[in-house]
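Residue strings, one per chain:
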Amino acid sequence: MIIFVQNFFMKVNPDYNTQDKLEALYQKPLLDLVYEAASLHRQFHNAREVQLSTLINIKSGGCSEDCGYCPQSVKYDTGVGVHKLMSVDSVIEQAKKAKANGSSRLCMGAAWREVRNNKDFDNVIEMVRAVNDLEMEVCCTLGMITEEQAFRLKEAGLHAYNHNLDSSEDFYKDIISTRTYQDRLNTIDNARKAGISVCSGGIIGMGERVEDRIGLLMSYRKMENPPESIPINALVAVEGTPLENEKPVSSWEIIRMIATTRICFPSSQVRLSAGRSQMSVEAQALCFLAGANSIFAGEKLLTTPNPDYNEDMEMFKILGLSPKEITQTLSVEKK
Ligand code: SAM
Ligand code: DTB
Ligand code: SF4
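In this text, all values refer to a predicted model and were calculated from it rather than measured experimentally.

**Description of the site of ligand 2**
Stage number 1. Surrounding ligand 2, one finds Leu 55, Pro 71, Thr 141, Asn 162, Asn 164, Pro 231, Asn 233, Phe 296, Leu 301, Leu 302, Thr 303 and Thr 304.
Stage number 2. Between ligand 2 and Asn 164, the relevant distance is 2.8 Å, taken from an oxygen atom to a side-chain nitrogen or oxygen of the residue.
Stage number 3. Thr 304 places a side-chain nitrogen or oxygen 2.8 Å from an oxygen atom of ligand 2.

**Brief notes about helix H3 (residues 30–44)**
Stage number 1. Its 15 residues give H3 an end-to-end C-alpha distance of 21 Å, which sits within 8% of 21 Å, the value for a rise of 1.5 Å per residue.
Stage number 2. Three or more residues of H3 are buried, namely Leu 30, Leu 33, Val 34, Ala 37, Ala 38, Leu 40, His 41 and Phe 44.

**Quick notes on the pattern of salt bridges**
Side chains that differ in sign of charge can pair as their charged atoms come close.
Stage number 1. As enumerated under the stated definition, the model contains 18 salt bridges in all.
Stage number 2. Note that Glu 228 and Arg 192 form a salt bridge whose closest N and O atoms lie 3.0 Å from each other. Separated by 36 residues along the polypeptide, Glu 228 in the loop between helix H9 (210–221) and strand E7 (229–234) and Arg 192 in helix H8 (residues 181–193) bring together distant segments of the chain.
Stage number 3. In this structure Glu 228 comes out as partly exposed when scored by relative accessible area, which is 34%.
Stage number 4. Three or more residues joined by partner-sharing salt bridges are found here, namely Glu 65, Arg 113, Glu 114, Arg 116 and Arg 179.

**Some points on helix H5 (residues 119–133)**
Stage number 1. If you check H5, its first and last C-alpha atoms are 21 Å apart, about what 15 residues at 1.5 Å a residue would give, namely 21 Å.
Stage number 2. The opening residue of H5, the one whose side-chain oxygen lies 3.1 Å from the backbone nitrogen of Asp 120, is Asn 118.
Stage number 3. Of the residues flanking the end of H5, it is Glu 135, one or two places downstream, whose phi is positive at about 60 degrees.

**Some thoughts on the environment of Gly 201**
Stage number 1. Relative to the helices and strands, Gly 201 resides in the loop between strand E5 (197–199) and strand E6 (202–204).
Stage number 2. Since its relative accessible area comes to 0%, Gly 201 is described here as buried.
Stage number 3. Expressed as a C-alpha distance, the spacing of Gly 201 and Cys 63, which sit 138 residues apart in the sequence, is 20 Å.
Stage number 4. Beyond its immediate sequence surroundings of up to four residues, Gly 201 is in contact with Asn 164, Leu 165, Asp 166, Leu 216, Tyr 220, Ile 230 and Pro 231.

**Here's the deal with the nonpolar core**
Stage number 1. The biggest cluster of nonpolar side chains holds 94 residues, and the ones touching the most others in it are Ile 58, Tyr 69, Met 108, Val 124, Leu 142 and Leu 153.
Stage number 2. The greatest single-element share of this core, amounting to seven residues, is contributed by helix H10 (residues 251–264).
Stage number 3. What Met 108 contacts, discounting residues up to four positions off in sequence, is Ile 56, Ile 58, Val 91, Met 127, Val 128, Val 131, Val 138, Cys 139, Cys 140, Thr 141 and Leu 142.
Stage number 4. Core analysis: the second largest hydrophobic core is formed by nine residues, Cys 139, Val 236, Val 238 and Phe 296 among them.

**Quick word on the environment of Ser 294**
Stage number 1. Relative to the helices and strands, Ser 294 resides in strand E9 (residues 294–297).
Stage number 2. Judged by its relative accessible area of 1%, Ser 294 falls in the buried class.
Stage number 3. Remark: the alpha-carbon pair of Ser 294 and Lys 324, spanning 30 residues in sequence, is separated by 8.7 Å.
Stage number 4. With sequence-adjacent residues up to four places away left out, Ser 294 is seen in contact with Val 50, Gln 51, Ser 53, Gln 269, Val 270, Arg 271 and Leu 272.

**Brief notes about the pairing of strand E1 (residues 49–59)**
Stage number 1. Counting buried positions along E1 gives eleven out of eleven residues, so the element sits mostly inside the fold.
Stage number 2. The pairing of E1 with strand E10 (residues 322–323) spans two bridges and is classified as parallel. The residue of E10 that forms the bridge with Val 50 is Pro 323.
Stage number 3. Pairing of E1 with E9 involves four bridges; the strand directions are parallel. Its bridge partner being in E9, Thr 54 is matched across the sheet by Ala 297.
Stage number 4. As judged from the six bridges shared by E1 and strand E2 (residues 105–110), these two strands associate in the parallel manner. Across the sheet, Asn 57 pairs through a bridge with Gly 109, a residue of E2.
Stage number 5. At this point the chain moves from E1, through helix H4 (residues 88–100), to the parallel E2, and the crossover so formed is right-handed.

**Quick notes on the packing of H3 against H10**
Stage number 1. Between H3 and H10, the shortest axis-to-axis distance is 9 Å and the interhelical angle comes to 40 degrees. Considered as vectors, H3 and H10 are oriented oblique to each other. Considering only the axes of H3 and H10, their crossing is left-handed. Touching Leu 30, Leu 33, Val 34, Glu 36, Ala 37, Leu 40 and His 41 of H3 are Trp 252, Ile 255, Arg 256, Ala 259, Thr 260, Arg 262 and Ile 263, all from H10.
Stage number 2. Residues that form the contact of H3 with H10 fall into these classes: nine nonpolar, two polar and three charged.

The rules behind these values
- Residues numbered from 1 in each chain as written.
- Chains lettered and ligands numbered in written order.
- Predicted model: local features only at pLDDT ≥ 70, side-chain atom pairs only at ≥ 80, totals over all residues.
- Heavy atoms only, no water.
- Near = heavy atom within 4 Å.
- Polar contact = N/O pair within 3.5 Å; in protein donor to acceptor, adjacent residues only side chain to side chain.
- Helix = DSSP H or I, 4+ residues; strand = E, 2+ residues; numbered from the N terminus.
- Expected span 1.5 Å × (residues − 1).
- Buried < 20%, exposed > 50% of the residue type's maximum accessible area, 1.4 Å probe, protein only.
- Salt bridge = Lys/Arg side-chain N within 4 Å of Asp/Glu carboxyl O.
- Contact = heavy atoms within 4.5 Å.
- Core = buried A, V, L, I, M, F, W, Y, C linked by side-chain atoms within 4.5 Å.
- Pairing = 2+ DSSP bridges.
- Right-handed = clockwise from strand over helix to strand, strands pointing away.
- Axes fitted to C-alpha atoms, helices over the stretch in contact; angles between N-to-C directions.
- Parallel < 35°, antiparallel > 145°, perpendicular 65-115°, else oblique.
- Left-handed = near helix turned anticlockwise from the far one by under 90°.
- Nonpolar A, V, L, I, M, F, W, Y, C, P; charged D, E, K, R; others polar.

See the structure below:
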């Protein structure tokens, strides 16, 4: 009976409950690590399906935070344009296109430090309602939110809130000075209190140590409810940001991080996020084998390039993968 229940759900893997154990796992011979991750992945997920999620940058640039990786910070000269909030109609139009191209999730990102209770937020609420009506999983990433704002988003039909811890608490201080790790944890907590599903992950390739990558996973392990969705981004080094000269992280490191995340959080969605433009199909195939079950679709992430739709469909064909159907993702919730 217990085995039966576990096959549907295992929030955290009890075998890897310390920093040392997880670090040893990350450093295992690569093929052993991938094999262990793939075996677990197949117990909890349909390994032939990968969810397509489309990003819309609803408010670009001019953000007052100083996140060292981010081209949208007002502190760095990156050439990213500053645009006011998109109209509700144009969001709906883009969402419909994304759905027609097989995306079952839509993530709306805003280059804000935090959400303010103003007309822009009212419009975001409208967008959430409209995208939810299209029967897509709707996700937002808008910076810090209060508990009250989280409840408003939930009421409008928000499925998930994305707010990344990015790295270990220790390394975080080297990358961002305008807010604390605790601020990020508080926002995640506010989303949770409102009953919103949590999407939270990190970035590798910022000059951090393996210790910091594992520190990020340990931060999620410590939560009563770890994120249902964990995006793993490889830094896209953008000219003008403090991290512009970071060497691209090796695909082997991305594969290790995906595999370790999958083993640590067997039931969560693991998203192979930024950085795919620099990866071969072979490297991405190993990520899917090791447990990645979602990608961002479309030729642009928020401001940086991503493989285009046709390239991804060609890759899916080669690998025998298909986009996760929309009905499967929403059927549980809408009952
Ligand atoms: N302003 C909101 C926030 O910071 O939560 C939402 C948008 S922000 C751009 C979303 C996430 O994108 C960041 O938390 C970070 O993990 C990721 N990101 C930003 N710039 C990146 C880059 N150059 N390479 C990889 N990931 C990046
Ligand atoms: C996440 O972890 N990665 C996505 C999504 N959540 C919002 C964003 C990646 C952004 C990459 C840099 C850019 O395009 O500006
Ligand atoms: Fe970029 Fe978000 Fe940081 Fe603003 S808060 S600089 S948009 S990552």
